[in-house]
Amino acid sequence: MINNILFIVFLIFAGQILGSLIGLIKKPKEDILRGSLAFAASMMLGISFFQLIPESLRIASFSLVIISFFCGIVMFRIVDRILPHINPELLKKEKSSVKRSVAMLVIGMALHNIPEGLAIGVGFVLNPLLGVAIALGIAAQDVPENIATIVPLYGLTKKRMKSFVITTVTIMFELVGFIFGYYILKEASSNLLGASLAVAAGFMAYISIEELIPAAQIKENLKVSIISLILGILCVLLIILLAG
């Protein structure tokens, strides 16, 4: 149990820190970055539909799972509309001060991390290995996402260390989400736990479909994207096989 928790904490920090360092040192080529986004989207969709939804259906009713799944999508949609954080075009349109632009970007990054941490915590309550699988999927999408986020942040601050510290601090919100999800739900009823898993699946499906897949620009990078999508699904199936 302790080893699994420590591994999850490691994954929470590893994906985001690695993405930030890569973005600051040398931004990768566009096809590699977009391929990694497609890979992350595939992993997160696979985890949602091959692990979270089946597990939630095992312990809760079909209607509750479906309603909770779409509630998760709507909830993340609201957060995304209020605090978009992956789209650099937002900063180009921002007419106010640099400080305000930085504040908007950082707040968006931090609050987007909370539901991701909650998804890990919910999965961990039901099965520690499921929590690890979700953490792996989120870490996979954190790498390209943080590359895409820290580049405009560095463009605003003009300081590498300051940009790195800011993104590192926002990771704490994902950790808080994990702790909150675990301790609040570990004594929950099966219906509440099943609904929470479906909400987490909705979070991950929304992130994949609304943010990662469009950012991957699959049509413009068809060969790399198809390979990345297949590898993502294969990784999820391998995780399921090892966990089973």
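What counts, and where the lines are drawn
Residues numbered from 1 in each chain as written. Predicted model: local features only at pLDDT ≥ 70, side-chain atom pairs only at ≥ 80, totals over all residues. Heavy atoms only, no water. Helix = DSSP H or I, 4+ residues; strand = E, 2+ residues; numbered from the N terminus. Buried < 20%, exposed > 50% of the residue type's maximum accessible area, 1.4 Å probe, protein only. Contact = heavy atoms within 4.5 Å. Salt bridge = Lys/Arg side-chain N within 4 Å of Asp/Glu carboxyl O. pLDDT = per-residue confidence, 0-100. Core = buried A, V, L, I, M, F, W, Y, C linked by side-chain atoms within 4.5 Å.

### Observations regarding the environment of Ile 213
Consideration 1: Following the sequence through the fold, Ile 213 ends up in helix H8 (residues 190–216).
Consideration 2: The exposure class of Ile 213 is partly exposed, given its relative accessible area of 28%.
Consideration 3: The residues touching Ile 213, leaving out its near neighbours within four places in the chain, are Ala 41, Leu 45, Ser 208 and Ile 218.

### Structural notes on the pattern of salt bridges
Consideration 1: For the coordinates displayed, the defined rule picks out two salt bridges.
Consideration 2: Measuring nitrogen to oxygen at the nearest pair gives 3.0 Å for the salt bridge that ties Arg 58 to Glu 55. Here Arg 58 and its partner Glu 55 are both found in helix H2 (residues 30–59), three residues apart, which amounts to about one turn of the helix.
Consideration 3: The closest approach of N and O atoms between Glu 210 and Arg 77, which form a salt bridge, is 3.4 Å. Of this pair, Glu 210 sits in helix H8 while Arg 77 sits in helix H3 (residues 62–82), and the two are 133 residues apart along the sequence.
Consideration 4: The exposure class assigned to Glu 210 is partly exposed, which follows from its relative accessible area of 36%.

### Considering the confidence of the model for the protein
Consideration 1: Considering every residue of the protein, the mean pLDDT works out to 83; 89% of them sit at 70 or more.
Consideration 2: Averaged pLDDT values over the elements of the protein bottom out at 43 in helix H4 (residues 89–93) and peak at 89 in H3.
Consideration 3: Taken together, the stretch residues 86–96 has pLDDT below 50 and engages in 15 contacts with residues farther than four places along the chain or on a different chain.

### What to know about the environment of Pro 152
Consideration 1: Looking at where Pro 152 falls in the secondary structure, it is placed in helix H6 (residues 128–157).
Consideration 2: Note: C-alpha distance between Pro 152 and Ser 163 (11 residues apart in sequence) is 9.6 Å.

### Examining the nonpolar core
Consideration 1: With 50 residues, the main nonpolar core has Ile 8, Leu 52, Ile 120 and Ile 134 as its most contacted residues.
Consideration 2: Of all elements in the fold, only helix H1 (2–25), H2, H3, helix H5 (98–126), H6, helix H7 (160–185), H8 and helix H9 (222–243) reach the threshold of two or more residues within this core.
Consideration 3: Beyond its immediate sequence surroundings of up to four residues, Ile 120 is in contact with Ile 8, Ile 12, Gly 131, Ile 134, Ala 135, Ile 138, Glu 174 and Phe 178.

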